[in-house]
Amino acid sequence: MIVTAFTKKYNKTTSSYMTEEKHVMPANGIYEAELEHDNVNEDSINVYTGVSMTGTRLPFTLTAPPDAPWKRTIHVETEEAVIYISYESSGDQVEADDINKVQDAIAQTQTFVNTLADDIRGSSSGFTWNRLMGITSSSGISITTQPTDVSVTAGSDAEFTITASSSGGDVTYRWQYEESGSSIWSDVSGGTQSLCHVSAVTTNQNGRRYRCIVSDASGNTEISSTATLLVTS
């Protein structure tokens, strides 16, 4: 069972700031991602090699997504394995951006509950109480080739592949991605083949993780291992 996870939000205020520190891992000398919280006091942003603003202070650049000016994307170039980003926020912009994620999670939960209800009534959906409890059972699906990490330069295309078969009938594929630093999986648009093609990747996608959900005609489901997209400039 896949449980949707959400980033804890800060209530938006006008009188005080909340402090956040996050440790992140650059890939190939670069870390670039949206800061986890919105409405950041830019003067409060610090990037250090140690916790609680210790070690060496690192330079960085900021950009604001044109469709979400309350957010900030940070870009850091360093050979450090782990860096610490701290900042103050007056609170999160809990509007359509988050409501859409909640709606998606509710729809996924409803689909699972409906399928489980069918199973309880004795249908051949393939879900069991073991799946509800998170216990992996033999589904008949065999993933013989797992997705592996892919490293490309910005502007190039990237491809992830999987090979699977099942004794339960024909298999179908549903590719998903998870942004670096996030815990929310989203479906890849058009990602329904054994090969997942990502066109013209950008440095913003560096660290993005991909996986594939394989299902068969009997309703069995298996999730592949996770592969990481590494993008160099």
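Our subject is the structure listed above.
As the structure is a prediction and not an experimental result, all values here were calculated from the model.

Draft legend 1. View of the packing of aromatic side chains. What the rule picks out here adds up to two aromatic pairs. A ring pair is formed by F160 and Y210, whose centres lie 4.6 Å apart and whose planes are at 25 degrees; its orientation type is stacked. Taken together, the residues F160 in strand β10 (residues 158–161) and Y210 in strand β15 (residues 209–216) connect sequence positions 50 residues apart. Each member of the pair, F160 as well as Y210, is classed as buried. Between Y177 and Y210, the aromatic rings sit 6.3 Å apart at their centres with planes inclined by 40 degrees, giving tilted as the arrangement. A residue pair is termed long-range when its members are at least 10 positions apart, and Y177 in strand β12 (residues 171–178) and Y210 in strand β15 qualify at 33 residues. On the basis of relative accessibility, which here comes to 23%, the residue Y177 falls in the partly exposed class. The exposure class assigned to Y210 is buried, which follows from its relative accessible area of 2%. One aromatic cluster is present, built from ring pairs that chain together F160, Y177 and Y210. Taking NZ or CZ as reference, R208 lies 4.1 Å from the ring centre of Y177, over its face.

Draft legend 2. Examining unusual backbone geometry more closely. The residue N39 is not glycine, and still its phi comes out positive at about 50 degrees. Among the secondary structure elements, N39 is positioned in the loop between β2 (30–34) and β3 (40–50). Non-glycine residue M53 carries a positive phi angle of around 55 degrees.

Draft legend 3. Seen up close, the pairing of strand β7 (residues 83–89). Most of β7 sits out of view: five of its seven residues are buried. Pairing of strand β1 (residues 18–24) with β7 involves seven bridges; the strand directions are antiparallel. Bridge assignment links M18 to a residue of β7, and that residue is S89. Note that β3 and β7 share five bridges and pair antiparallel.

Draft legend 4. Spatial organisation of the pattern of salt bridges. Scanning the model with the defined rule gives six salt bridges in all. Among the ionic pairs, K71 bridges to D38, the shortest N-O distance being 3.3 Å. Taken as a pair, K71 in the loop between β5 (61–63) and β6 (73–77) and D38 in the loop between β2 and β3 lie far apart in primary sequence, 33 residues in all. A relative accessible area of 9% places K71 in the buried class. For the salt bridge of E178 with R209, the shortest nitrogen-to-oxygen distance reads 2.7 Å. Highlighted residues: E178 in strand β12 and R209 in strand β15, separated in sequence by 31 residues.

Draft legend 5. Fine view of the nonpolar core. Formed by 20 residues in total, the largest nonpolar core has its most connected members in F160, V214 and L229. Residue assignment for this core shows that the elements contributing at least two residues are β8 (141–145), β9 (150–153), β10, β12, β14 (195–198), β15 and β17 (227–232). The contact partners of V214, leaving out residues within four places of it in the chain, are I141, I143, I162, A164, V171, T172, Y173, N220, T221 and E222. With 13 residues, the next largest nonpolar core counts I45, V47, I83 and Y87 among its residues.

Draft legend 6. Here's a closer look at the pairing of strand β11 (residues 163–166). Residue alternation in β11 divides its side chains into a buried set, A164 and S166, and an unburied set, T163 and S165. Judged from the four bridges that link them, β8 and β11 form a sheet pairing that is antiparallel. By the bridge assignment, I141 is partnered in β11 with S166.

Draft legend 7. Quick look at the sheet that holds β6. Here we have three strands laid out as an open sheet, ordered β2-β6-β5, and antiparallel in their pairing. The open sheet has two free edges, formed respectively by β2 and β5, since each of these has just one partner strand. Taken pair by pair, the neighbouring strands of this sheet meet at an average axis angle of 15 degrees, ignoring direction. Here five bridges tie β2 to β6, and the two strands are oriented antiparallel to one another. Looking at β6, one finds that E32 is bridged to H75.

Rules of the game
- Residues numbered from 1 in each chain as written.
- Predicted model: local features only at pLDDT ≥ 70, side-chain atom pairs only at ≥ 80, totals over all residues.
- Heavy atoms only, no water.
- Phe/Tyr/Trp six-rings, centres within 6.5 Å; stacked < 30°, edge-to-face > 60°.
- Helix = DSSP H or I, 4+ residues; strand = E, 2+ residues; numbered from the N terminus.
- Buried < 20%, exposed > 50% of the residue type's maximum accessible area, 1.4 Å probe, protein only.
- Lys NZ or Arg CZ within 6 Å of the ring centre and 35° of its normal.
- Pairing = 2+ DSSP bridges.
- Salt bridge = Lys/Arg side-chain N within 4 Å of Asp/Glu carboxyl O.
- Core = buried A, V, L, I, M, F, W, Y, C linked by side-chain atoms within 4.5 Å.
- Contact = heavy atoms within 4.5 Å.
- Axes fitted to C-alpha atoms, helices over the stretch in contact; angles between N-to-C directions.

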